[in-house]
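Residue-level listing of the chains:
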Amino acid sequence: MSYTYDTFKSAISTATVIPATDSNFLAILPSCIDYAEQRIYRELNLLTAQAVDTSGALTASNRNFTLPAHFITVDQVNVITPVGGTVTNGTRNPLTPVSREFLDMAWPSSTGATLPTFYAMNSDQSIVVGPWPDAAYGVEIVGIQRPTALSVSTTTTYLTSYLPDLFFAAAMVFMAGYMRNFGSQADDPKMAQSWEGQYKSLLISAKLEEERKRHKLVPGSTDTPSAAGSTA
């Protein structure tokens, strides 16, 4: 079954035998949701978290470019030609990721500025390109962004709709720690460790689905993903 915020809160309340109106429960619930969501998003490279932003543009004779939106990872950078062109009427020119040291050596200045062909991460939210651009080309960024978290105002998410069992198991790992303290988890297989085992079991099947979505497994295959994060 899928969850809404209210039905998820009720399910966690029932499983932990804590009243849904308990003030401490309501105070810790956002942290529980955050733990479950962040863990799943990190361990499952979900296609639903992939985003595209085309709002930015390079600056002529300036190799620095700040991402126009927050990306967890940058998977692809495309420069759009001609100047003023868009992804619908222009041409994508994919940039090849390299090291900043290579760009510093190959193009130490704006001399010979032209259409960039390479990029390097300068920080988690900025890149440098090479050669230096000779015009304000549009930029398309493809990468991973964090979806909006489950909350009173965001009553459903991809996780509650399509991975409710995995989401619930991850949340229960957190709640087991909340009720008993994280330091004793390894000594208490009755709850924290059993939910951890359930989570890891469900994670395997979820990874299989993600690999099939990316055509990394043939339809109907039950092969185990090669490694954690293999859907990258």
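So, here's what we can say about the structure. Computed from a prediction, not measured in an experiment: that's the story for all the values here.

1. Quick notes on the side chain of glutamate 196
Here is step 1: Relative to the helices and strands, glutamate 196 resides in helix α6 (residues 192-213).
Here is step 2: The class of glutamate 196 is buried, set by a relative accessible area of 15%.
Here is step 3: Each residue touching glutamate 196, except ones within four places of it in the same chain, is listed here: Arg39 and Val173.

2. Describing the packing of aromatic side chains
Here is step 1: By the definition in use, this model includes nine aromatic pairs.
Here is step 2: With 5.6 Å between their ring centres and 40° between their planes, tyrosine 35 and phenylalanine 174 make a pair best called tilted. Of this pair, tyrosine 35 sits in helix α2 (residues 23-43) while phenylalanine 174 sits in helix α5 (residues 164-180), and the two are 139 residues apart along the sequence.
Here is step 3: On the basis of an interplanar angle of 70° and a centroid distance of 5.5 Å, the ring pair of phenylalanine 102 and phenylalanine 118 is categorised as edge-to-face. In this pair, phenylalanine 102 sits in helix α3 (residues 100-106) while phenylalanine 118 sits in strand β6 (residues 118-123), placing the two residues 16 residues apart along the sequence.
Here is step 4: Residue phenylalanine 102 is classed as partly exposed on the basis of its relative accessible area, which comes to 31%.
Here is step 5: On the accessibility criterion, phenylalanine 118 (23% relative accessible area) is partly exposed.
Here is step 6: Grouped by ring-pair contacts, the aromatic residues Tyr3, Phe8, Phe167, Phe168 and Trp195 constitute a single cluster.

3. Section: the pattern of salt bridges
Here is step 1: Applying the stated criterion across every chain, the model contains seven salt bridges.
Here is step 2: For arginine 39, the salt bridge identified is with glutamate 43, shortest N-O distance 3.2 Å. Of the two residues, arginine 39 and glutamate 43 both sit in helix α2, four residues apart, roughly one turn of that helix.
Here is step 3: Glutamate 43 sits in the partly exposed class, given a relative accessible area of 26%.
Here is step 4: Between aspartate 104 and arginine 63 there is a salt bridge, with the nearest N and O atoms lying 2.8 Å from each other. Note that aspartate 104 is positioned in helix α3 and arginine 63 in the loop between β1 (50-57) and β2 (64-66), a separation of 41 residues in sequence.
Here is step 5: Since its relative accessible area comes to 34%, aspartate 104 is described here as partly exposed.
Here is step 6: Classification of arginine 63 by relative accessible area gives buried; the value is 9%.
Here is step 7: Via salt bridges that share partners, Arg39, Glu43, Glu196 and Lys200 belong to a single interconnected network.

Basis of the calculations
- Residues numbered from 1 in each chain as written.
- Predicted model: local features only at pLDDT ≥ 70, side-chain atom pairs only at ≥ 80, totals over all residues.
- Heavy atoms only, no water.
- Helix = DSSP H or I, 4+ residues; strand = E, 2+ residues; numbered from the N terminus.
- Buried < 20%, exposed > 50% of the residue type's maximum accessible area, 1.4 Å probe, protein only.
- Contact = heavy atoms within 4.5 Å.
- Phe/Tyr/Trp six-rings, centres within 6.5 Å; stacked < 30°, edge-to-face > 60°.
- Salt bridge = Lys/Arg side-chain N within 4 Å of Asp/Glu carboxyl O.

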